[in-house]
Amino acid sequence: QVQLVESGGGFVQTGGSLRLSCSPSERTFTGYAMGWFRQAPGKEREFVAAARWYDFREYYADSVKDRFTISRDNAKNTVYLQMDSLKPEDSAIYYCAAQSEYRGSYHYDFAYNYWGQGTQVTVSS
């Protein structure tokens, strides 16, 4: 079973930046799409960003558009989430996810069949 390993979370002040990384435990794994979701305390998990692997078409939630960027390093088989202009409302546990084949959506968590363990992002006001 492929596992996704995340890193890069932490504590930052409002307006700061963080970069999250996500790599599969099996280096040769390349899913159909990779996504990032987040969950704040007391809230449901929500979509943040995603990209199709074959052409890297990007998708973003309106709340992070123009502030967050999803990217990849093919040589490292790693997906990144660059988060700029962070706000306190961005504080959450961030999860990396992958679809092994197209499962009908890029925006809903039920479409993803591989998940990371999550990494905490805290933005202070």
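Overview of the structure. (Residues numbered from 1 in each chain as written. Predicted model: local features only at pLDDT ≥ 70, side-chain atom pairs only at ≥ 80, totals over all residues. Heavy atoms only, no water.)

Some remarks on the sheet that holds strand β3 (residues 18–24)
This is how it is decided: Only strands joined by at least two bridges in the DSSP assignment are considered to pair. The helix count covers DSSP runs of H or I at least four residues long, the strand count covers runs of E at least two residues long, and both are numbered beginning at the N terminus. Fitted lines through C-alpha atoms serve as axes, helices being fitted only where they are in contact, and the angles separating the N-to-C directions of these axes extend from 0 to 180 degrees.
Taken in spatial order, the four strands of this open sheet run β1-β3-β8-β7, and their pairing is antiparallel. Where the open sheet ends on each side, the last strands, each with one partner, are β1 (4–7) and β7 (68–73). Averaged over neighbouring strand pairs, the angle between their axes works out to 20° when direction is ignored. The sheet contact formed by β7 and strand β8 (residues 78–83) spans six bridges and is antiparallel. Each residue of the ladder has a partner; that of S71, found in β8, is Y80.

Comments concerning empty space enclosed by the protein
What counts here: Of the two site types, the cavity is a set of points on a 1 Å grid over the protein atoms alone where a 1.4 Å probe fits but cannot get out, and the pocket is an open set with protein on both sides within 12 Å along at least five of seven lines, each lined by residues with an atom within 4 Å of a point. Grid points are joined across faces, edges and corners, and a volume is the space filled by probe spheres set on the points. Under the scheme applied here, ten amino acids are nonpolar (Ala, Val, Leu, Ile, Met, Phe, Trp, Tyr, Cys and Pro), four are charged (Asp, Glu, Lys and Arg), and all others, including Gly, are polar.
For the structure shown, the criterion picks out one cavity of 30 Å³ or more. Lining the largest cavity are C22, P24, F29, T30, G31, M34, W53, N77 and V79. Considered class by class, the residues forming the lining of the largest cavity number six nonpolar, three polar and no charged.

Quick look at the state of the cysteines
A disulfide bridge is the covalent bond that connects two cysteines by way of their sulfur atoms. Just so we agree on the cut-off: Note on disulfides: each one is a pair of cysteine sulfur atoms within 2.5 Å. Three exposure classes are used, based on accessible area relative to the maximum for each residue type with a 1.4 Å probe and protein chains only: buried under 20%, partly exposed in between, and exposed over 50%.
Following the criterion strictly, the structure yields one disulfide and no others. One disulfide bridge connects C22 with C96, the sulfur atoms lying 1.9 Å from each other. The S-S bond linking C22 to C96 shows a torsion near -75°; that makes this disulfide left-handed. A residue pair is termed long-range when its members are at least 10 positions apart, and C22 in strand β3 and C96 in strand β9 (residues 92–99) qualify at 74 residues. Exposure class is identical for C22 and C96. Each is buried.

Topic: the environment of I70
Using the following cut-off: Should any heavy atoms of two residues lie within 4.5 Å, those residues are considered in contact.
Within the secondary structure layout, I70 lies in strand β7. Discounting chain neighbours no more than four positions away, the residues touching I70 are M34, W36, A49, A50, A51, F56, E58, Y60, V79, Y80 and L81.

Details of unusual backbone geometry
A negative phi holds for most residues other than glycine; trans holds for most peptide bonds. Located in the positive-phi region is D66, a residue other than glycine, with phi close to 75°. Along the chain, D66 falls in the loop between β6 (58–60) and β7. In this structure D66 comes out as exposed when scored by relative accessible area, which is 78%. In this model, S85 sits at a positive phi of 50°, which is unusual for a non-glycine residue. Assignment of secondary structure puts S85 in the loop between β8 and β9. Accessibility expressed as a relative area gives 41% for S85, which makes it partly exposed.

Here we look at the packing of aromatic side chains
Counted only if it meets this: Stacked, edge-to-face and tilted are the three classes for Phe, Tyr and Trp ring pairs, Trp counted by its six-membered ring, which pair at centre distances within 6.5 Å; planes under 30 degrees apart are stacked, over 60 edge-to-face, the rest tilted.
Tallied over the entire structure, the rule returns 13 aromatic pairs. Between F29 and Y114 the ring centres are 5.2 Å apart and the planes differ by 70°, which places this aromatic pair in the edge-to-face class. Taken together, the residues span a long stretch of sequence, with F29 in the loop between β3 and β4 (33–39) and Y114 in strand β10 (residues 114–115) at a distance of 85 residues. Both residues of the pair, F29 and Y114, belong to the buried class. Ring centres of Y32 and Y106 lie 6.4 Å apart, and the angle between their planes is 10°; on these two criteria the pair is classed as stacked. Residue Y32 is located in the loop between β3 and β4, and its partner Y106 is located in the loop between β9 and β10; the two are separated by 74 residues in the primary sequence. Overall, Y32 belongs to the partly exposed group, its relative accessible area being 24%.

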